[in-house]
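Chain by chain, the residues:
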Amino acid sequence: MTARYVDIHLLQTVPYANLNRDDLGSPKTVRFGDADRTRVSSQSWKRAVRHELEASSGDAAKRTRQLPQAVQARLVRQGWETELAAFAAAQVMATLATIAVKADGFKVDKESGEAQVLFYLPERAFDELADVCVQQRDRLVGLHAGTVKLKKGEAALPADAVRAAMARRNDVINLFGRMLAELPGTNVDGAVQVAHAFTTHGTDPQVDFFTAVDDLKQDADQAGSGHMNSAEFSTGTFYRYASVNLRDLVDNLADAATAVELTSAFLSAFITAVPQAKKNSTAPFTVPDLAYIAVRSDRPVSLASAFEVPIRATLDSGYADPSRRQLADYAGRIYRLIGDRGLIYHGYASIDDKGLEQLGETRPSFDALIAAAVERVRAE
């Protein structure tokens, strides 16, 4: 496969919203090009993409410290007594400790019942761990009753079966990776790199003072709100960027054809996914007005520096239109500098085609753009 990277660049205008807030509830920001911009972290947008991919595939994963509780709940649903199910779940953690490089990570807090490390597993892996317990029920009953004793260093459950369950992956894990240093063989190198989104122009967060009416206060002397508070929001045109390392994805999946299909699914989800913060009060469900995809053989190329000089709105326009022009102009100039030997394919889909010739061939829709890029990857 000659094609090594698929870069996707988006411009998306978001109205009054707070997609990703800091510890004080304010929109996250970054200072870039001597201007403060609104920022949405890569983690925030990746979570939205992950949920979109899992919804389309039906193969969800969960990130949690509550692995014991997840196994226990599955056993209880199968008719196990709560005490025995809790004991079995504890033996899952104990077995993990025997095969771990660092057993401390698999200790369970006595008060919360949570593990010390954060696990990231497909839901079917939790089911598989519960199945291991079911297969070893007689042994677990004996251990719980004290009629069966473990030898020194012996685990209650088959280590290979527990390790196999912990190594399970789904599409999202193959794309974004997984880190569990305590357990060899479960780590997955991420094949997708996602940049923090930021506005192409300077922004100033706006404070919204709001009240809530108490509907049961009827007397005149009780007039007034039942609650008062303020919140911060922002608006802007965001530049979003991600890159798929095709070779890494093929390595994770051990199948080139599946890697190409998953790349297509990722590109679609990256375009449509929106973080859900404050969605009930802002409904920020816009879509990008420009998507640009480049297939490369040499290295990823971000175009974030196109907006190091912040876009200035004119009297008769906002930021979206000049942002599209600036992105295309910068791409053309950068490609003149680095040459086009590594550029296998590039194209775009936009609500406006004027002045975007530097972005390659135009496609009428996002789906058509993704199909064209993926077809070129297959051909390479």
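Provided above is the structure to which this section pertains.
Chemist: How should I be thinking about the overall build of the protein in this particular structure?
Modeler: Within the protein one finds 12 helices and 12 strands. Dimensions of the protein, computed from the C-alpha atoms along their principal axes, are close to 80 × 75 × 35 Å. A burial count over the protein gives 45% of its 380 residues as buried. Relative to all contacts within the protein whose residues are 6 or more apart in sequence, the contacts with residues 24 or more apart total 74%. For the protein, the exposed area adds up to about 18,800 Å²; of that, 48% sits on carbon and sulfur atoms. A distance of 6 Å separates the average location of the 44 positive side-chain charges in the protein from that of its 49 negative side-chain charges.

Chemist: I keep staring at the side chain of Asp 289 and nothing clicks. Help me out?
Modeler: Here Asp 289 is to be found in the loop between α10 (279-282) and β10 (290-296). Among the residues examined, Asp 289 registers a relative accessible area of 10% and is labelled buried. Within the structure, the side chain of Asp 289 is placed 3.4 Å from the side chain of Arg 324, a separation counted as a polar contact. Residues in contact with Asp 289, not counting those within four places in the same chain, are Leu 11, Thr 13, Ala 320, Arg 324, Ala 349, Ser 350 and Ile 351.

Chemist: How should I be thinking about the packing of helix α4 (residues 123-135) against helix α6 (residues 159-166) in this particular structure?
Modeler: The geometry of a pair of packed helices is captured by two quantities: the angle between their axes and the separation between those axes. Where α4 meets α6, the axes come as close as 8 Å, and the angle between the chain directions of the two elements is 170°. Judged by the inter-axis angle, α4 sits roughly antiparallel to α6. Of the two elements, α4 crosses α6, and the hand of that crossing is left-handed. Contacts between α4 and α6 involve Ala 125, Glu 128, Leu 129 and Val 132 from the first element and Ala 161, Val 162, Ala 164, Ala 165 and Met 166 from the second.

Chemist: What's the story with unusual backbone geometry in this structure? I'm lost.
Modeler: A negative phi angle is the norm for most residues apart from glycine, just as the trans form is the norm for most peptide bonds. Of note, the phi angle at Ala 254 is positive, near 60°, even though the residue is not glycine. For Ala 254, a relative accessible area of 70% translates into the label exposed. The phi angle at Lys 278 is positive, at roughly 60°, despite the residue not being glycine. Residue placement: Lys 278 occurs in the loop between α9 (256-272) and α10.

Chemist: Looking at this structure, I do not really get the pattern of salt bridges. What am I missing?
Modeler: Pairing between side chains of opposite charge can happen when the charged atoms of each approach one another. Taken as a whole and judged by the stated rule, the model has 20 salt bridges. Here Glu 361 makes a salt bridge to Arg 363, at a shortest N to O gap of 2.6 Å. Take Glu 361: its relative accessible area is 33%, and that puts it in the partly exposed class. Taking relative accessible area as the criterion, Arg 363 reaches 29% and is therefore assigned partly exposed. With its nearest N and O atoms 3.3 Å apart, the salt bridge here joins Arg 376 to Glu 380. A relative accessible area of 30% means that Glu 380 is categorised as partly exposed. Salt bridges sharing partners connect three or more residues here, namely Asp 289, Asp 321, Arg 324, Arg 325 and Asp 352.

Chemist: Would you explain the nonpolar core in this entry?
Modeler: Looking at soluble globular proteins, one finds that nonpolar side chains tend to be buried together. Membership of the largest hydrophobic core comes to 52 residues, with the highest contact counts inside it found for Val 49, Phe 176 and Phe 266. Not counting the four nearest positions on each side in its chain, Val 49 is found in contact with Phe 176, Phe 266, Ala 269, Phe 270 and Ala 273. Leu 67, Phe 87, Met 93 and Phe 106 belong to the second largest nonpolar core, which has 35 residues in total.

Chemist: Please explain the packing of aromatic side chains as it appears in this structure.
Modeler: A ring pair, where both rings are aromatic, is described by two values, the distance of the centres and the angle of the planes. Scanning all chains against the criterion turns up 7 aromatic pairs. Look at Phe 266 and Phe 270: their rings are 5.6 Å apart centre to centre, the planes differ by 25°, and that puts the pair in the stacked class. Placement of the pair is Phe 266 and Phe 270 together in helix α9, with a separation of 4 residues, close to one helical turn. The residues Phe 266 and Phe 270 share a single accessibility class, namely buried. For Arg 137, the ring lying beneath its charged end belongs to Trp 80, and the centroid distance is 4.6 Å. Positioned over the ring face of Phe 270 is Arg 240, at 4.4 Å from the centre of the ring.

Cut-offs applied
- Residues numbered from 1 in each chain as written.
- Predicted model: local features only at pLDDT ≥ 70, side-chain atom pairs only at ≥ 80, totals over all residues.
- Heavy atoms only, no water.
- Helix = DSSP H or I, 4+ residues; strand = E, 2+ residues; numbered from the N terminus.
- Buried < 20%, exposed > 50% of the residue type's maximum accessible area, 1.4 Å probe, protein only.
- Contact = heavy atoms within 4.5 Å.
- Areas by Shrake-Rupley, 256 points an atom, 1.4 Å probe, with all protein chains shown as cover.
- Lys, Arg positive; Asp, Glu negative; His and termini not counted.
- Charge placed at Lys NZ, Arg CZ, Asp CG, Glu CD.
- Polar contact = N/O pair within 3.5 Å; in protein donor to acceptor, adjacent residues only side chain to side chain.
- Axes fitted to C-alpha atoms, helices over the stretch in contact; angles between N-to-C directions.
- Parallel < 35°, antiparallel > 145°, perpendicular 65-115°, else oblique.
- Left-handed = near helix turned anticlockwise from the far one by under 90°.
- Salt bridge = Lys/Arg side-chain N within 4 Å of Asp/Glu carboxyl O.
- Core = buried A, V, L, I, M, F, W, Y, C linked by side-chain atoms within 4.5 Å.
- Phe/Tyr/Trp six-rings, centres within 6.5 Å; stacked < 30°, edge-to-face > 60°.
- Lys NZ or Arg CZ within 6 Å of the ring centre and 35° of its normal.

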